[in-house]
Each structure stands twice: as C-alpha cells, then as structure tokens.
Amino acid sequence: MKVGIVGAGQVGSSAAYAMALMGVGTEIVLIDRDADLAEAQAQDIAHAIPFAEPVIVRAAGYDSLTEAAVVIIAAGVSQKPGESRLDLLDRNVAVFREVVGSVMTHAPDAILLVASNPVDVMTFATWKLSGLAAERVVGSGTILDTARFRSLLGAHLGIAPQSVHAYVLGEHGDSEVSIWSSATAGNVPITSFADQVGRPLGPEIREEIGQNVRDAAYTIIAGKGATYYGIGAGLARIVRAILDDEKAVFSVSVTMPEICGFSEVALSLPRIVGKDGAIADLMPALDEGEREALTASAKVISDLSTSLTF
Ligand code: ADP
C-alpha cells in the first residue's frame, strides 16, 4: 500500500527510513517544497532497502499521492530568531493551507497523520482545512511521551515497559498530563505493584518521572538540535496500525467536539487506531488532580487554536 510523506526534512525522512526498515507499506512517496532534498532523501533511503524490506521509496509531486492510504504531514518552517510562538504558528498554518489543499486534491480518501509541531494545534488546523471527519485526521500527539513514561516506570519497577499500561494525555508539550491513577503493571494497579516490589511511587518519584517525560525533547534538542528518530519510528508504527487495520490503542491527537468544557480541541487520549483512523476513544478514569490538569492542558491548546483564522 502507498504511503505519502509531505515534508522530507528530519522528521519526514526518519519516518520513511523507519518504514523501510520495518517493512511498513509497499511504496513511500516523499514530497517537499525542496525537490532536491526529497530526491536526495529518497535515494539515501533507497540504498538501505537491499539491507531491509522490499519497499519502494521515491521522490515525486502531489499527483503521485493518488490512492495513498495514509499521508504523513511533516512539513513546516522553523522559528526565526525573535519570532513568537504565535507568529510561527501562523506561518505553519499558511504552509498547511497549501499542503493540505494539495493532498486533498490527489488523495481525498487517505488518512492524514500530522507530525508537525505544535502537533495538537496543527492537527486541529488540518482537520479544519481538509473538511475530513475528525477521526481521519490523526496527530502523533503523546505517543512518544507515553512510550517514555512506560519505559521510566518499567525501569523503576523492574518490569518490561510493554507490560506497563499507562498513558500521557493532553497536549504534546509542557501541559501534558501523566496519568497515575489508572496505570497498571500487568493487571495490578501500579501503586500496589510498586509497594509489592518495595519501590513505592511517592510524590517525589512521581514528580521526577513526570518531569523526565516532559523534558525529554528539551534534553535531546540541547544535545543535537532536533528530535527525529523516535518520532520517525512512532509514525511508522502508527502507519502500520492503519494499513493493517490493527485496532491497536495509541495516545494520538484528534479534534474533539467537546473536552473538559472546550469545544473543537485536538488533544491526546488513548484511541483505537485502524484503517478508518482513530475510530474510538478510551477515556480513562481520572482523579481530581488529573482532571484539573487535563482541563488546563485543553485550555492551552484551545487558546492557540482559537487564535487562528481560516
Ligand atoms: P523537522 O525537524 O520538523 O522535520 P525540517 O525543517 O527538517 O523540520 O523539515 C521540514 C520540511 O518541510 C523541510 O524539508 C521543508 O522544505 C518542508 N516544507 C516547508 N514548507 C513546505 C511546503 N509548503 N510544502 C512542502 N514542504 C514544505
């Protein structure tokens, strides 16, 4: 099956590379305003194919998106010195106006997977600009934050992260909310398990883990300027879930008619992902503090989203 990627920069190309190594899809089409960049990325990744899975990777124009099942949108502009977050957002929405319009002309039946930041607001903008049903416009949201939360909890408790069932909800950003109250290790509440193994999850360790999850991207950016391998692999994993109609659960971002008193806000909740997009939400039980934090997170996204004009 064909997968399109618009934006062949660091994130888009890492997603293509991860898909090639994982054998996700049969054909990957890379599109970028910078055609030479798209061509170079496609060739570089194509040279990995003999060592990986038989996926075709090529650079092309929007007309090659015909019949793509999924289109990843990883295009964007970077912040200019002194530019405010809101000005940057306006410029990225202008990019998306052009990109989403072109994608919809050639692949109106594709699921759109949004990776550009701020991902929740860009997911909302893509939903608005595309006119698609909300569940067909999926943002990568907190997939990485959730993965990191699970691995930190797993390391603390001496259990594989795959056996930790815990999610980070809300904004992919500073206001995100790690959910402790319904987290489990296997089928045991995480706090009971932590007590059983003599590694109690008191307020200090919770704060440390939550902080570590929130600051992970900052730490990587301080060291290498950007983050792309982790999100590239995460995007490849979501594309596989869509192409294979897995109905697996991921904390992805989708625009909701109403959440925590705000209307038309895109944020992450655990959601079932398959060929029709993010088809259902699994709203976990929240304690009062978590509910308040999720409301604050929804407000941050809502304030940015309502500042946009379409
Ligand atoms: P990231 O680290 O988020 O991947 P990059 O700057 O490496 O950021 O990649 C963003 C890519 O988006 C760039 O390759 C840029 O050329 C591309 N891009 C920007 N605007 C458009 C557009 N209007 N159409 C297609 N691609 C675009």
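Structure shown above.
Here is what the cut-offs are and how they apply
Residues numbered from 1 in each chain as written. Predicted model: local features only at pLDDT ≥ 70, side-chain atom pairs only at ≥ 80, totals over all residues. Heavy atoms only, no water. Axes fitted to C-alpha atoms, helices over the stretch in contact; angles between N-to-C directions. Helix = DSSP H or I, 4+ residues; strand = E, 2+ residues; numbered from the N terminus. Left-handed = near helix turned anticlockwise from the far one by under 90°. Contact = heavy atoms within 4.5 Å. Nonpolar A, V, L, I, M, F, W, Y, C, P; charged D, E, K, R; others polar. 1 Å grid on protein atoms, 1.4 Å probe; cavity = no way out; pocket = protein on both sides within 12 Å on 5 of 7 lines; lining within 4 Å. Points joined across faces, edges and corners; volume = space filled by probe spheres on them. Buried < 20%, exposed > 50% of the residue type's maximum accessible area, 1.4 Å probe, protein only.

Colleague: Report on the packing of helix H5 (residues 143-157) against helix H7 (residues 203-224), specifying residues and quantitative values.
Modeller: Viewed as axis vectors pointing N to C, H5 and H7 meet at an angle of 140°, and their least axial separation amounts to 9 Å. Here H5 runs over H7; the crossing is right-handed. Only Ile-205, Ile-209, Asn-212, Val-213 and Ala-216 of H7 make contact with H5, whose side of the interface consists of Asp-145, Arg-148, Phe-149, Leu-152, Leu-153 and His-156. When grouped by side-chain class, the residues that make up the contact of H5 with H7 number seven nonpolar, two polar and two charged.

Colleague: Now, about empty space enclosed by the protein: what can you tell me, with residues and values included?
Modeller: Under the criterion given, the structure shown has one cavity of 30 Å³ or more. When its volume is computed, the largest cavity comes out at roughly 40 Å³. Residue lining of the largest cavity: Arg-85, Pro-118, Val-119, Asp-120, Val-121, Glu-171, His-172, Val-300, Ile-301 and Leu-304, and that is the complete set. Elements that contribute at least two residues to the lining of the largest cavity include exactly helix H4 (119-130) and helix H9 (288-306). The residue inventory of the lining of the largest cavity, partitioned by class, reads six nonpolar, one polar and three charged.

Colleague: Tell me about the environment of Met-122, and please be specific about residues and values.
Modeller: The topology assignment puts Met-122 in helix H4. Met-122 gets classed as buried once you look at its relative accessible area, which sits at 0%. Separated by 49 residues in the primary sequence, Met-122 and Ile-73 place their C-alpha atoms 9.7 Å from one another. Apart from residues lying up to four places away in sequence, Met-122 is in contact with Leu-89, Asn-92, Val-93, Phe-96, Val-114, Ser-116 and Asn-117.

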